[in-house]
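Commentary on secondary and tertiary structure
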Amino acid sequence: GYPYGCIEQTVSKAFPLLYFANLARELEPDALAKGSPEAMVQQGVSRVLSLQLPSGGFGMWPGADGEQAWASVYATHFLLEAGKAGHQVPRQALSRALGYLVDLVKQFHKGGAQKTQAYGLYVLALSGNPDKGTMDNLRDRQGAKLPADARALLAAAYAASGNAKGGEALLRNLPAPQAAPREDDIFDSPLRAAALTLAALIDVGPAGQEAAKAARELERLMEAAGTVSTQDAGMAFMAL
């Protein structure tokens with residue numbers, strides 16, 4: 001029931017329904033009285049596509065004159081997974097979105113923007129078009145200095161590209177998830193960082209101790225938070 005139509009809330013509302021539509025029917029049947037989870041996802045796809053700019057990236061609101069980097073990665077991830085789940089995602093629109101990410105991840109980032117870079121590399125790898133050179137460069141230059149979620153996403157990018165060993169060192173002694181500074185403009189929080197870390201670790205090794213630890217930490221953060229942001233809730237449900 002998020003009241004705003006920005007791209008972040010649109011994706012946060014629709015993305016989890018790809019994974020737990022049946023659970024949603026059971027837990028909140030009244031919330032689905034006006035439409036099925038599948039229809040809600042397709043509406044989300046249409047809304048996201050209406051916010052796509054000529055570059056292939058996405059603006060935060062209708063009429064935006066520039067791309068929002070983090071939201072563009074988030075939206076492209078959603079479109080990619082929605083297409084895999086059988087929803088109608090125009091191939092050309094998805095190709096343009098991925099093309100925007102190809103350019104985005106080549107930019108050298110510091111601080112919280114490294115999370116955007118790692119997330120973009122992960123989505124490209126999921127699409128079957130990994131940027132192995134940029135992955136190696138980020139791993140070799142930053143490696144253990146990266147935040148936990150960026151390290152996990154980069155390791156998952158290696159796994160998705162068929163080279164799980166390439167990211168093994170990134171997963172050793174993962175620190176607790178931390179939010180990027182607010183001025184980095186990526187809408188970060190410790191809870192979202194924990195959710196992304198869990199989602200990535202499940203790709204790398206769902207039965208591993210790190211994934212179990214991350215799931216417990218995410219559960220703890222959700223219980224402690226009480227009220228959470230739209231993206232925190234969407235990513236947490238997606239990961240769990």
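Above this text is the structure in question.
Residues numbered from 1 in each chain as written. Predicted model: local features only at pLDDT ≥ 70, side-chain atom pairs only at ≥ 80, totals over all residues. Heavy atoms only, no water.

As a further point, take the overall build of the protein. When helices and strands are tallied, the protein shows 11 helices and 0 strands. Starting at the N terminus and ending at the C terminus, the protein contains elements arranged as α-α-α-α-α-α-α-α-α-α-α. Taken over C-alpha atoms, the radius of gyration comes to 17 Å for the protein, in line with the 18 Å a tight globule of 240 residues would show. When burial is assessed residue by residue, the protein has 50% of its 240 residues classed as buried. For the protein, long-range pairs separated by at least 24 residues make up 64% of all intrachain contacts whose partners lie at least 6 apart in sequence. Accessible area of the protein: about 11,500 Å², with a carbon and sulfur share of 51%. Each charge class in the protein was averaged separately, 22 positive and 24 negative side chains, and the resulting centres sit 5 Å apart. (Helix = DSSP H or I, 4+ residues; strand = E, 2+ residues; numbered from the N terminus. Rg over C-alpha atoms; globule rule 2.2 N^0.38 Å. Buried < 20%, exposed > 50% of the residue type's maximum accessible area, 1.4 Å probe, protein only. Contact = heavy atoms within 4.5 Å. Areas by Shrake-Rupley, 256 points an atom, 1.4 Å probe, with all protein chains shown as cover. Lys, Arg positive; Asp, Glu negative; His and termini not counted. Charge placed at Lys NZ, Arg CZ, Asp CG, Glu CD.)

So, on to the packing of helix α1 (residues 7-14) against helix α3 (residues 37-50). Their axes nearest at 9 Å, the elements α1 and α3 cross at an angle of 155 degrees. On the basis of the axis angle, α1 is roughly antiparallel to α3. Between α1 and α3 lies a crossing of left-handed hand. Together, Ile7, Thr10, Val11 and Ala14 of α1 and Met40, Val41, Gly44, Arg47 and Val48 of α3 make up the contact between the two elements. Tallied by class, the residues present in the contact of α1 with α3 amount to 6 nonpolar, 2 polar and 1 charged. (Axes fitted to C-alpha atoms, helices over the stretch in contact; angles between N-to-C directions. Parallel < 35°, antiparallel > 145°, perpendicular 65-115°, else oblique. Left-handed = near helix turned anticlockwise from the far one by under 90°. Nonpolar A, V, L, I, M, F, W, Y, C, P; charged D, E, K, R; others polar.)

What follows deals with the pattern of salt bridges. Scanning the entire structure with this criterion turns up 8 salt bridges. Among the salt bridges present, the one from Asp131 reaches Lys106, with a minimum N-O distance of 2.9 Å. Residue Asp131 is located in the loop between α6 (113-126) and α7 (132-141), and its partner Lys106 is located in the loop between α5 (91-104) and α6; the two are separated by 25 residues in the primary sequence. Overall, Asp131 belongs to the buried group, its relative accessible area being 12%. Across the pair Asp188 and Arg192 runs a salt bridge, and its minimum N-O distance is 3.4 Å. Pair check on accessibility: Asp188 and Arg192 agree, each one buried. Among the charged side chains, a network of salt bridges with common partners joins Lys115, Asp149, Asp188 and Arg192. (Salt bridge = Lys/Arg side-chain N within 4 Å of Asp/Glu carboxyl O.)

From the geometry alone we can't say anything about function, so treat these as descriptive.
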